[in-house]
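# Observations on chain architecture
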Amino acid sequence: MKTDETLVRDYLAAVERETSTLPPAARQELIADLGEHIEVALAERPGSTREILDEMGDPRAIAATAFQELGEGAGAGAKPRKPGRRRSPVWLPLVLMLAGTVLPYLAPGIVLVDIAFAGLVVGVVIIFRARYWTRGEKWTAVTLTFILPIVIKLWWHYLVLPTDGSAADPAQRALAIALSFVLVLAGIGYLWRAKRP
């Protein structure tokens, strides 16, 4: 028996086959919008994948509608009407993750730390809303780039830093920075390797 994820993947693959003669940008936009719509519907009604896909309609009907919206210029590579919101590029959350983890160590300051944390949060939100990666890839990368580096920072601030105001051991500081940096690079590398076209 097929899992929910397999059913959705097969459905989107069928739509992609039916729309193979659309311009690549229009086809990618359509597939991404359909995937996002299905994901939202599944979040509201878990376990009803087949019903949701039935409601979406036959892939051939979806393809016919897409061709109709594009009009006569579809085969000539005309630009389609923009059906939904603009999606972020794949590299954006990766840059936010790297900058958000490294900035506080390069130039410590409360404003910079706040900006870096905001960048990390935005990167996490983009990753979880994106259709580029599977759920497992999202969780693995966010654990490496967000959760574990925060655990290292908490360990540094509450267990390593001396409470008497003396300077911290430079070797332990270097270890904390190196661990955070390596974890973030591992998470970014994992997502970059798994990115979708």
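Now for a quick tour of the structure. On a predicted model such as this, the values are computed, not experimentally measured, just so you know. (Residues numbered from 1 in each chain as written. Predicted model: local features only at pLDDT ≥ 70, side-chain atom pairs only at ≥ 80, totals over all residues. Heavy atoms only, no water.)

## Digging into the overall build of the chain
Counting its secondary structure elements, the chain contains 8 helices and 0 strands. Scanning the chain from its N terminus toward the C terminus, one meets helices and strands in the order α-α-α-α-α-α-α-α. Burial status across the chain gives 37% buried among its 197 residues. Across the chain, the fraction of contacts at a sequence separation of at least 24, relative to all contacts at a separation of at least 6, is 70%. Summed over all atoms, the accessible surface of the chain reaches about 12100 Å², with 63% contributed by carbon and sulfur. (Helix = DSSP H or I, 4+ residues; strand = E, 2+ residues; numbered from the N terminus. Buried < 20%, exposed > 50% of the residue type's maximum accessible area, 1.4 Å probe, protein only. Contact = heavy atoms within 4.5 Å. Areas by Shrake-Rupley, 256 points an atom, 1.4 Å probe, with all protein chains shown as cover.)

## Remarks on the pattern of salt bridges
Opposite charge on two side chains permits pairing when their charged atoms draw close. Across all of its chains, the model carries 3 salt bridges by this definition. Put simply, R129 and E36 hold a salt bridge, and the shortest N to O gap is 3.8 Å. Note that R129 is positioned in helix 6 (residues 110–129) and E36 in helix 2 (residues 24–44), a separation of 93 residues in sequence. Overall, the relative accessible area of 46% leaves R129 in the partly exposed class. According to the relative accessible area criterion, E36 is buried, its value standing at 16%. The partner of R60 in a salt bridge is D58, and the shortest N-O contact between them spans 3.1 Å. (Salt bridge = Lys/Arg side-chain N within 4 Å of Asp/Glu carboxyl O.)

## With respect to the nonpolar core
With 17 residues, the main nonpolar core has Y11, L12, V15, L30, L34 and I38 as its most contacted residues. Every element with two or more residues in this core is listed here: helix 1 (4–18), helix 2, helix 3 (49–56) and helix 4 (59–70). The greatest single-element share of this core, amounting to 6 residues, is contributed by helix 2. Core analysis: the second largest hydrophobic core is formed by 15 residues, L120, V124, F146 and I188 among them. (Core = buried A, V, L, I, M, F, W, Y, C linked by side-chain atoms within 4.5 Å.)

## Quick word on the packing of aromatic side chains
Within this structure, the stated rule accounts for 2 aromatic pairs. Look at F117 and F146: their rings are 6.3 Å apart centre to centre, the planes differ by 35°, and that puts the pair in the tilted class. Residue F117 is located in helix 6, and its partner F146 is located in helix 7 (residues 135–160); the two are separated by 29 residues in the primary sequence. Taking relative accessible area as the criterion, F117 reaches 44% and is therefore assigned partly exposed. Overall, the relative accessible area of 17% leaves F146 in the buried class. Taking the centre distance of 4.9 Å and the plane angle of 65° together, the rings of F128 and W139 count as edge-to-face. Pair noted here: F128 is in helix 6 and W139 is in helix 7, with a separation of 11 residues, a long-range link. (Phe/Tyr/Trp six-rings, centres within 6.5 Å; stacked < 30°, edge-to-face > 60°.)

## A short note on helix 6
Each α-helix turn comprises 3.6 residues. Residues three or four places apart therefore point the same way. Along its 20 residues, helix 6 runs 29 Å from first to last C-alpha, staying within 8% of the 28 Å computed at 1.5 Å per residue. Within the span of helix 6, buried status applies to A116, G119, L120, G123, V124, I126 and I127. Mapping the buried residues of helix 6 onto a view down its axis gives an arc of 165°, with all of them on the same face. With respect to the buried face of helix 6, the exposed residues turned more than 90 degrees away are I110 and V111. (Expected span 1.5 Å × (residues − 1). Arc of directions from axis to C-beta.)

## Section: the environment of P89
Looking at the element boundaries, P89 is found in the loop between helix 4 and helix 5 (91–106). Residues P89 and A130, spaced 41 residues apart in sequence, show a C-alpha to C-alpha distance of 9.4 Å.

## Remarks on the side chain of T145
Residue position: T145 is located in helix 7. In contact with T145, not counting residues within four places along its chain, are M97, T101, L120, L183, V184, G187 and I188.

## With respect to the packing of helix 2 against helix 3
Between helix 2 and helix 3, the least distance of the axes is 10 Å, while the angle of their chain directions is 140°. Relative to helix 3, the element helix 2 is oriented oblique. Considering how the two elements wind past one another, helix 2 and helix 3 form a crossing that is right-handed. Across the interface between the two elements, L34, H37, I38, A41 and L42 of helix 2 pack against T49, I52, L53 and M56 of helix 3. The class makeup of the residues in the contact of helix 2 with helix 3 is 7 nonpolar, 2 polar and no charged. (Axes fitted to C-alpha atoms, helices over the stretch in contact; angles between N-to-C directions. Parallel < 35°, antiparallel > 145°, perpendicular 65-115°, else oblique. Left-handed = near helix turned anticlockwise from the far one by under 90°. Nonpolar A, V, L, I, M, F, W, Y, C, P; charged D, E, K, R; others polar.)

Functional significance is not addressed by these values, which are geometric in nature.
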